[in-house]
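# Architecture and fold: a report
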Amino acid sequence: MNIAVCVKQVVDTEAVKKLDPASWRLDRSVAAVLNPYDEYAVEEALKIKEAHGGEVIAVCMGPKKAEDAVRKALAMGADSAVIVTDDALAGSDAQATSYALAEALKGVQWDLVIFGVRSTDGETGVVPAAVAERLGVPMLSTLAKVDVDGSTIKVHRETEQGYISYECPTPAVLSVIKGINEPRYPSMKGIMGAKKKPLETKDAAALGLDTAKVGSEGSKTRVVSGRIPEPRKAGTKIEDDGTGAQKIAEFLASQKLV
Amino acid sequence: MSTQSGILVVAEPKDGKLANVTLESITQARSLGAGPVSVVIIAAETAPLVAAAGRYGADRVYVCESPEAAVFRAGPFTDAAMAAVKAADPALILCAGSADGRDVAAGVSARLEAGLLVDITGLEVKDGGFVATHPCFGGTVIVEKEATSSPAVATVRPNVFAREEAAKDPEVVTLEVEFTPSGLLAKILEVVSENLGIVSLEEASVIVAGGRGMGSADNFELIKTLASELGAAVGASRAIVDEGWVHHQYQVGQTGKTVSPQLYIAAGISGAIQHAAGMQTSKCIVAINKDPEAAIFNFADFGVVGDALVIVPALIEEIRKRKAAS
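Residues numbered from 1 in each chain as written. Chains lettered and ligands numbered in written order. Predicted model: local features only at pLDDT ≥ 70, side-chain atom pairs only at ≥ 80, totals over all residues.

## A few points about the overall build of chain A
- On a plain count of helices and strands, chain A comes out with eight helices and 15 strands.
- Principal-axis analysis of the C-alpha atoms places the extent of chain A at approximately 65 × 45 × 40 Å.
- Expressed as a percentage of its 258 residues, the buried residues of chain A come to 49%.
- Put simply, of all contacts in chain A between residues at least 6 apart along the chain, 70% involve residues at least 24 apart. (Helix = DSSP H or I, 4+ residues; strand = E, 2+ residues; numbered from the N terminus. Buried ≥ 20, exposed ≤ 12 C-beta atoms within 10 Å, placed from the backbone. Contact = placed C-beta atoms within 7 Å.)

Structural data, given as structure tokens:
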């Protein structure tokens, strides 16, 4: 079973995020990492490959330096990678991204596409389902378990009360949540080997993308204005002298919260 | 000039009712006065849901009743939502900011090549178009966005807009929906409800969350007890989810849930940036922590420096006492 894993490079949460005040676009020159959720997607793909054979292909859209995130997926064990990068793609919103990714996936051999449930910077969580829609295959999102049996998958989709199990033939697009597995750390051998693995870079022309549908111009949403809200201020802070609980209850009552 | 007008709310069925976020979306749509408010209901049994949509003031309700819609699947729900879009010709389509709602919104906006505004917390009409508010990076930046397409699609963050009844006798329109075969390929095997009666984190108006300061998985029961006394949902920090004390479903923060309750009580949680990202848009934050330097005190409305293992049980007693007295 061949699996395409879609990965994204995101700004490290610890890094101070800066927005370009002209475009309200994120300054991506600061420290960047592989999207934490995508580590679960890569791990799940590797587990399926180890049990059932096939290849794992990492597919990434981003600036040239997103290669670092892709290298991590390769170091974990992915066999090859495709990076979609082009200045024309900069500023693409979620739907524009889904269009470019879906076109890139049409050039890759896969039975399953696996995404992390969302990115920790854009946080939209809509790209996987939009890609599935564009590819015309079933979407199964927020999965806590994936089992493969021949060309059929059985999955658990997390709900607030428990889960729903589905059975679905491939091809399909999946998104996985934290906790589905324990992502492996790349070994030294894996890191060294990643440098020799095939990594293909494709631009908009190579994918035959309609550039009117990508980038900030082609995106159907735009930022009108942005602001940094006043940071929350510290309120009352007291030392517990044995009446802490009572003081909390009084505060809650004064705010009409109990 | 487009002919589209009004707002279509794609309802989220939940335990035989309409999810709160659907009622909130109907209320907000009505308050904008931007044309008729329609609701599309997709379920195996729609009558009680249609009644609820009318109670909250829908002008028109589109109904897709089918056994295929008993349990959520992105394909058939997107097909039904698209049938309603075709019938209602709205200028804006609102979906729930939930896992299901995001899948439908993504599918509908991809089919329409429409702009998709995600996780909105504000919505107004400006110069004849819709402008949505969207907090990003855990609420540290707030942007106003608009779609350049008509219709536009948006997902609405739960628990942000008010919900108010405004009973109406809506026109009910039955939709004939032909489901796309590929969307029906996923078969439902089983629906497992292990935590019946649990208060939903994303929709809760009160959340009690615990962290490493609770000391052990056993002590975390105190958090659940306090939550149950307050009718609250239970939350947890990443640290204790990674320790295996509680299931990941409870995690609030960057790799967990984003919440905006009226009240968030954080016990034994330091308030690291990853946790703050998921809860700092809460209206009121109460913190209990042994460490006077804990980051959470920098943004808590009311903080108590002390041992959560002493204060939480005392607070449970205090709440019980007040309930008994009232």
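Now that the structure has been shown, the text picks up again.
## Some words on the interface of chain A and chain B
- Each partner contributes residues to the interface: chain A has 68 residues there, and chain B has 75 residues.
- Within the residue set of the side of chain A that touches chain B, elements represented by two or more residues are helix 1 (36-52), helix 3 (94-105), helix 4 (127-135), strand 9 (139-149), strand 11 (162-169), strand 14 (221-227), strand 15 (236-239) and helix 8 (244-254) of chain A.
- Among the elements that line the side of chain A that touches chain B, the one with the most residues is strand 11 of chain A, at eight residues.
- Taken together, the residues of the side of chain A that touches chain B sort by class into 30 nonpolar, 21 polar and 17 charged.
- Pairing analysis gives four bridges linking strand 15 of chain A to strand 18 (residues 302-305) of chain B, with the strands arranged parallel. Across the sheet, residue Ile238(A) finds its bridge partner in strand 18 of chain B, namely Val304(B). (Nonpolar A, V, L, I, M, F, W, Y, C, P; charged D, E, K, R; others polar. Pairing = 2+ DSSP bridges.)

## Brief notes about the sheet that holds strand 15 of chain A
- Pairing is parallel across the open sheet formed by six strands, whose spatial order is 15(A)-18(B)-17(B)-16(B)-14(B)-15(B). Edge positions in the sheet fall to strand 15 of chain A together with strand 15 (233-236) of chain B, since each has one partner strand and no second. Direction aside, the axes of adjacent strands within the sheet are offset by 15° on average.
- Across four bridges, the pairing between strand 14 (residues 206-210) of chain B and strand 15 of chain B is parallel. Within the sheet, the bridge partner assigned to Val208(B) lies in strand 15 of chain B and is Val234(B).
- Contacts from helix 8 of chain A reach strand 15 of chain A together with strand 17 (284-289) and strand 18 of chain B, with the element oriented near 175° to strand 18 of chain B. (Axes fitted to C-alpha atoms, helices over the stretch in contact; angles between N-to-C directions.)

## Here we look at the nonpolar core
- In terms of nonpolar packing, the biggest core is built from 141 residues, with Val5(A), Val40(B) and Ala53(B) touching the most fellow members.
- Filtering out sequence-adjacent residues up to four positions away, Val5(A) remains in contact with Ala41(A), Val42(A), Ala45(A), Val56(A), Ala58(A), Val59(A), Ala73(A), Ala78(A) and Ile114(A).
- Ranked by size, the runner-up nonpolar core spans 51 residues in total, among them Ile240(B), Ala276(B), Met279(B) and Phe297(B). (Core = buried A, V, L, I, M, F, W, Y, C linked by C-beta atoms within 7 Å.)

## Points about the domain arrangement of chain B
Residues and elements named next belong to chain B.
- You can read the domains of chain B as domain 1 (7-184) and domain 2 (206-325).
- If you look at the interface, domain 1 gives six residues, while domain 2 gives seven residues.
- Per-class residue counts for the side of domain 1 that touches domain 2 are two nonpolar, three polar and one charged. (Domains from an automatic or database assignment.)

## Topic: the pairing of strand 8 (residues 122-126) of chain B
Residue and element names in this part refer to chain B.
- As judged from the five bridges shared by strand 8 and strand 9 (residues 129-136), these two strands associate in the antiparallel manner. Counterpart to Val125 in the pairing with strand 9 is Phe130.
- Taking the residues that link successive antiparallel strands as the turn, the strand 8-strand 9 hairpin has two residues, and the phi of Asp127 there is positive, at about 50°.

## With respect to the sheet that holds strand 1 (residues 3-7) of chain A
- With respect to topology, 10 strands assemble into an open sheet ordered 13(A)-7(A)-6(A)-1(A)-8(A)-12(A)-9(A)-10(A)-11(A)-13(B), the strand pairing being mixed. Looking at which strands have only one partner, the edges of the open sheet turn out to be strand 13 (199-202) of chain A together with strand 13 (187-193) of chain B. The average undirected angle you get between the axes of adjacent strands in this sheet is 30°.
- Where strand 9 of chain A and strand 12 (residues 172-176) of chain A come together, three bridges link them in parallel fashion. For Leu143(A), the partnering residue across the bridge sits in strand 12 of chain A and is Val176(A).

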